[in-house]
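Structural overview for review
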Amino acid sequence: MLCVRAPGRVNLIGEHTDYNDGYVLPAAISLETRVRARSRNDTRCIIYSDTLDEQAEFDLSAIPEPSELPSGFVRYVVGVAWALQAHTGRTLTGIEATICSDLPLGAGLSSSAAVEAAFAVLWNTLDDLHLDKLTLAQLCQRAEHVYAGVQCGLMDQAASLLSEAGHALFLDTRTLFTQSVALPPQWAIVVADTGKPRALAESEYNLRRAQCEEAVAALQGVLDEGVIALRDVSPEQAMLYLSLIEEPARRRARHVIGENARVLEFLTALRHADAPRVRHLMLASHASLRDDYEVSCTELDAMVDACLHAGAIGARMTGAGFGGACIALVEKTQLEQFLRQAEQHYRQLAPYEPRFYACEAVGGASLCSREYPCAR
Ligand code: GLA
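Heads up: these notes are all about the structure in this document.

Cut-offs applied
- Residues numbered from 1 in each chain as written.
- Predicted model: local features only at pLDDT ≥ 70, side-chain atom pairs only at ≥ 80, totals over all residues.
- Heavy atoms only, no water.
- Pairing = 2+ DSSP bridges.
- Helix = DSSP H or I, 4+ residues; strand = E, 2+ residues; numbered from the N terminus.
- Axes fitted to C-alpha atoms, helices over the stretch in contact; angles between N-to-C directions.
- Core = buried A, V, L, I, M, F, W, Y, C linked by side-chain atoms within 4.5 Å.
- Buried < 20%, exposed > 50% of the residue type's maximum accessible area, 1.4 Å probe, protein only.
- Contact = heavy atoms within 4.5 Å.
- Salt bridge = Lys/Arg side-chain N within 4 Å of Asp/Glu carboxyl O.

Pairing is antiparallel across the open sheet formed by four strands, whose spatial order is 9-10-8-11. The outermost strands of the open sheet, each flanked by one partner alone, are strand 9 (314–317) and strand 11 (355–359). Between one strand axis and the next, the sheet turns through 20° on average, direction left out of account. Direction of pairing for strand 8 (residues 187–193) relative to strand 11: antiparallel, over a ladder of five bridges. Bridged to Val191 within strand 11 is Tyr357.

Okay, structure coming up:
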């Protein structure tokens, strides 16, 4: 019997930058997906989701096409098996597995990436594939593209696999350079779920990606230097040339270019536990996502207000947007009061049932051990 854990993530800053070759700074959180599995002597997989009370079956020697699958967790499991088999040229071992999770679904905390990461680590171990975690993250991303139809970047899968406890993970999505950045121990990460389910997230997400590509194509016509992605455009160049791009691609590009610069500034602010700077950058990120990228919503804006009202150091929406959760950084000494006041205030602003999680920054997906026991 093998047991694997894989965490969800929040993103501190660097939103919608990862498919523009940009920078991100997520942290893996202590809300996790766990998979217990027993290997079989054949290539059949029987996967039960305890959380959803649903069972799915498929055969690794005849992997179903995306169009043959219902929506839901099975897509992520089949997608990972498909990506691992395509990469290694091997047929994996069949399993009987149970998934359970304390990660809220649809809250923008990457519950799907956690399922992918857990099964990637599981088969990597079971079949002695010896793939490093970055390669596993890339294969999970491929699974998401092909089997979930979301043209996501690498952030979620990298965060779930590569993070270190007590640290955020800086990732340059072009060079794939990663660095663990220590979080100030006196600050707590609070995930503030608006209770508003995400709507239109997949189609709008893919549309944003296409609009960024449109902006790149337009900039390639005016900038001499090679512009491959919005990552290659500096804030100074943006001031000079963005007016040449049509809306809404112009606004989308302005967000991405500004957000990349904010990530780099945030790294310094975090290293110095510079609360006013952290606050400024988180609020600027949220405003840009709301006004230029247009992926926030009334409830996310209300939650940011509620968190600030309750004394957060900073707050912003986290993840793709269109509903889901915010991240707030809070002084640990003020945590209880913060949680009480933020909830009270949000309830006055929005009709949804909020949920607050004070999280630890945990390590990436792993086999369960004494540090991460199998059952909670
Ligand atoms: C989703 C995607 C990520 C990233 C974020 C937005 O979580 O899966 O790759 O693009 O949205 O920052």
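This part is about the nonpolar core. In summary, soluble globular proteins display a tendency toward joint burial of nonpolar side chains. In terms of nonpolar packing, the biggest core is built from 81 residues, with Leu25, Ile47, Phe58, Phe119, Trp123 and Phe266 touching the most fellow members. It is helix 2 (residues 111–126) that provides the largest number of residues to this core, a total of nine residues. Residues within four places of Phe119 in sequence aside, it is in contact with Val35, Ile47, Val77, Val80, Ile95, Ala97 and Ile99. In this structure, Ala238, Ala249, Ala253 and Ala328 belong to the second largest nonpolar core, which totals 48 residues.

Another aspect to go through is the pattern of salt bridges. Enumeration over the complete set of coordinates arrives at 26 salt bridges. In this structure, Asp59 engages Arg44 in a salt bridge whose closest nitrogen and oxygen atoms are separated by 3.7 Å. Of this pair, Asp59 sits in strand 4 (residues 54–59) while Arg44 sits in strand 3 (residues 44–49); the two residues are 15 residues apart in sequence, bridging distant segments of the chain. The partner of Asp172 in a salt bridge is Arg231, with the nearest N and O atoms 2.8 Å apart. Of the two residues, Asp172 sits in strand 6 (residues 167–172) while Arg231 sits in the loop between helix 5 (201–220) and helix 6 (235–241), which places them 59 residues apart along the sequence. Bridged by salt links that share partners, the residues Glu247, Arg250, Arg251, Arg252 and Glu294 form one connected network.

So, to be careful, I would describe these as geometric facts and stop short of saying anything about function.
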